[in-house]
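# Secondary and tertiary structure notes
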Amino acid sequence: MSTRFWTGSRRDAAAGYLFIAPQLIGSVLFVFVPLGLVFWYSLHEWNVLADTFTFTGAENYQALLDDPKLADALVATGFFSAGLVVLNLSLALLLAVLLNQRLRGTVFFRTVFFSPVVVSLVAWTIVWGFLLQDNGGVNGLLDLFGVDGPNWLRGETTAMIAVIVVQVVKNVGLNMVLFLAALQGVPGNLYEAATVDGASRTRQFRSITVPMISPTILLTSIITVVGSLQVFAQIAVLTQGGPGTSTTVLVYYLYQQAFQFHHFGYGATLSVLLFAIVLLLTLVQWRMRRKWVFHES
Amino acid sequence: MSRRAKTAIYGVLCLLALPFLFPTWWMVTSSVKPINDIFAFPPSLLPSEFSFDAYRKAFELQPFAQQYFNSMYIAVLVTVGTLAVSAMAGYAFARIRFPGANVLFVVILTGLLIPSEVTIVPLFKMFDAWGMVDTHWPLILVPILGAPSVLATFIMRQFFLALPGELEEAARVDGLGRFAIFRLIALPLARPALGAVAIFTFLHSWNLYLEPIVFLSSSEMFTLPQALTQFVDAYGGPMWDIQLSAASMTALPVLVVFVIAQRQFIEGLAHTGLKG
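What you are looking at is a predicted structure, and each value in this text was computed from that prediction instead of being measured.

### Thoughts on the interface of chain B and chain A
Where the parts come together, the accessible area they lose is often given as the size of the interface. Counting residues at the interface gives 78 residues for chain B and 74 residues for chain A. By residue class, the composition of the side of chain B that touches chain A is 60 nonpolar, 13 polar and five charged.

What follows is the structure in structure tokens.
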């Protein structure tokens, strides 16, 4: 029996490889090969009309440095991501804390705040585009209070604010639900002990709640930062990157260069840059977890 | 809690609820207003009379029924495919010992750091080379096998790790093979995790926008998000009445399912694996 090849554990290992095969082959084919190709393309000039593909070394990267529009795109991306992450996480936490007070009607409000998550993204964006017109619903509402609203999508600052708010309202429910689950996992006796010791509500929030839910804060902030760098449909539908280039974030600029101007080599170089930014921000946050995430297992 | 504190909390909640409820309300009510009422200023909250012209026109201007079907069948296929791929891989990584399992898991997991926006240029070139541009293959294959399914695999693995293994052990002693154990024992127990994965996979596919506009060019191939933005006049300005009716038709069915099953939706997402 000892010479039998298909022992139980060998048979099991074979099953393991078979089970992961679709995911592994898929990852190679649709993630790692394209990632390699992105780097390869970024070293080339790809002329679609003449159908030439010439090695140009670091030329595309030099072009990155000399591209004034790229600087604009990075500034727009920075504003968008920072605004989105701060507003999304603080609103999500506020909503979760309010819904965690065990009041009647919590389920109703939870459903309301979550509902935009299931509304089709482009449908949601179109409605907001309609609402944010100069004579649209938002200004109509402001008019009731005697406020003369701006033409939101035509001003550089207001357009940026608008795309951030539209995106936050769309997705904040997801983080809210994750925070709510984390808050419900904080043991109640911690608060009782703190109350006995005379700690105020704000002090309790700072010294008990925040440390106890810090693993969830880390997870949601990583998801939200990476998500903020991927924003595309909202920009394409609401502002087309404008007015000027004020809302042309990196992914939208990448799309323009590659698929509107057919600069595939330069588009690939922008993809490399996007990848580097995602990687860097994720690593920084992952590093920071040692400093402020409580009870890391 | 004091009465005043309660009133204050309800006040804040109601105020905050406005931007979450108003757009959907506005979308649906405006879509059934006669065209002149849509642009009335100040706007009216309720339609003065009902008009379904915009709904009729949506089907006349584009093959909207076909586009609806495209989105639907792609999302269903992607959901079923992702469930199969991620449940199998997640189960193997959680339960089966095989050489290299940890390394392979980390390798696959790095896919989470490579959003599909990064690889869209080479993916376009690859599908172009395979003659699959302007077909639905890229919208089906990439989500099932590529980066989007990695999160699903991670969630399934976390779920199977937390699941007690005694039942499976008993089945092994009784001589059941791996595949039978997976199908007859593990999979039925994984229903909550499968539900959560199904929900976010379906929504992800239903919402996809960059990929359709990159890969698809003929209107009978379009998916809904792409079709919505195509209702424009000769100057490229949006035909608001039609866009709003088409948007309502896109959003409402999913919203109705959500309201009916909101508990499963929300608690499923919150409690399965996403907590890390």
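### Observations regarding the UniProt feature "domain: ABC transmembrane type-1" (unreviewed entry) in chain B
Mapped onto this numbering, the UniProt entry gives "domain: ABC transmembrane type-1" (unreviewed entry) at residues 68–261 of chain B. Between the end C-alpha atoms of residues 68–261 of chain B the distance is 23 Å, and the span holds 72% helix and 0% strand.

### So, the UniProt feature "transmembrane region" (unreviewed entry) in chain A
All names here are of chain A. When the UniProt feature table is mapped onto this chain, "transmembrane region" (unreviewed entry) is found at residues 14–41, 73–99, 111–131, 159–183, 210–233 and 264–284. The span residues 159–183 shows a helical share of 100% and a strand share of 0%, and its end C-alpha atoms are spaced 34 Å apart. The span residues 264–284 carries 100% helix and 0% strand; its end-to-end C-alpha distance comes to 30 Å.

### Comments concerning the packing of helix α1 (residues 3–31) of chain B against helix α14 (residues 240–260) of chain B
Residue and element names in this part refer to chain B. Contact pair α1 / α14: the axes reach a minimum separation of 8 Å and the direction vectors enclose 125°. By the angle between their directions, the pair α1 and α14 is classed as oblique. Seen from above, α1 lies across α14 with left-handed handedness. Along its contact with α1, which presents Thr 24, Met 27, Val 28, Ser 30 and Ser 31, the element α14 presents Leu 244, Ser 245, Ala 247, Ser 248 and Ala 251. Of the residues contributing to the contact of α1 with α14, the split by class is five nonpolar, five polar and no charged.

### Focus: helix α5 (residues 101–109) of chain B
Residue and element names in this part refer to chain B. Within α5 the residues assigned to the buried category are Leu 104, Phe 105 and Ile 108. The arc enclosing the buried residues of α5, seen along the axis, measures out at 105°, which places them on a common side. Exposed and facing more than 90 degrees away from the buried side of α5 are Asn 102, Val 103 and Val 106.

### A closer look at the UniProt feature "domain: ABC transmembrane type-1" (unreviewed entry) in chain A
This chain's UniProt record puts "domain: ABC transmembrane type-1" (unreviewed entry) on residues 74–285 of chain A. Between the end C-alpha atoms of residues 74–285 of chain A there is a gap of 20 Å, over a span that is 77% helix and 0% strand.

### What to know about the pairing of strand β2 (residues 52–55) of chain A
All names here are of chain A. Sheet topology note: the strand β1 (residues 44–47)/β2 ladder contains four bridges and is antiparallel. Looking at β2, one finds that Trp 46 is bridged to Phe 53. Counting the residues between successive antiparallel strands, the hairpin from β1 to β2 contains four residues, one of them, Asp 51, with a positive phi of roughly 55°.

### A word on the UniProt feature "transmembrane region" (unreviewed entry) in chain B
All names here are of chain B. Per the UniProt annotation, the sites labelled "transmembrane region" (unreviewed entry) are residues 7–28, 72–94, 101–124, 136–160, 181–203 and 242–261. Split by type, residues 7–28 is 100% helix and 0% strand. Its first and last C-alpha atoms lie 31 Å apart. In residues 242–261, helix accounts for 95% and strand for 0%; the two terminal C-alpha atoms are 29 Å from one another.

### Observations concerning the nonpolar core
Judged by nonpolar contacts, the single largest core of 155 residues is most densely connected at Val127(A), Phe232(A) and Leu274(A). Ranked by residues supplied to this core, first place goes to helix α7 (residues 156–184) of chain A with 15 residues. In this view, Phe232(A) contacts Val251(A), Tyr252(A), Tyr255(A), Glu117(B), Tyr209(B) and Leu210(B); residues no more than four positions away in its chain are not counted.

### Quick notes on α14(B)
Between its terminal C-alpha atoms α14(B) stretches 29 Å, which fits the 30 Å expected from 21 residues at 1.5 Å a residue. Along α14(B), the positions that sit buried rather than exposed are Trp240(B), Asp241(B), Ile242(B), Gln243(B), Leu244(B), Ser245(B), Ala246(B), Ala247(B), Ser248(B), Thr250(B), Ala251(B) and Phe258(B).

### Here's the deal with the environment of Gln256(A)
Residues and elements named next belong to chain A. Secondary-structure assignment places Gln 256 in helix α12 (residues 250–260). With 19 C-beta atoms counted inside 10 Å, the residue Gln 256 sits in the partly exposed group. Expressed as a C-alpha distance, the spacing of Gln 256 and Gly 241, which sit 15 residues apart in the sequence, is 9.8 Å.

### A look at the confidence of the model for chain B
The share of residues in chain B with pLDDT of 70 or more is 97%, and the mean pLDDT across the chain is 89. For this predicted complex, the interface score ipTM comes out at 0.89, alongside a pTM of 0.91.

Analysis parameters
- Residues numbered from 1 in each chain as written.
- Chains lettered and ligands numbered in written order.
- Predicted model: local features only at pLDDT ≥ 70, side-chain atom pairs only at ≥ 80, totals over all residues.
- Contact = placed C-beta atoms within 7 Å.
- Nonpolar A, V, L, I, M, F, W, Y, C, P; charged D, E, K, R; others polar.
- UniProt positions renumbered as here; feature names shortened; annotations may be inferred.
- Helix = DSSP H or I, 4+ residues; strand = E, 2+ residues; numbered from the N terminus.
- Axes fitted to C-alpha atoms, helices over the stretch in contact; angles between N-to-C directions.
- Parallel < 35°, antiparallel > 145°, perpendicular 65-115°, else oblique.
- Left-handed = near helix turned anticlockwise from the far one by under 90°.
- Buried ≥ 20, exposed ≤ 12 C-beta atoms within 10 Å, placed from the backbone.
- Arc of directions from axis to C-beta.
- Pairing = 2+ DSSP bridges.
- Core = buried A, V, L, I, M, F, W, Y, C linked by C-beta atoms within 7 Å.
- Expected span 1.5 Å × (residues − 1).
- pLDDT = per-residue confidence, 0-100.

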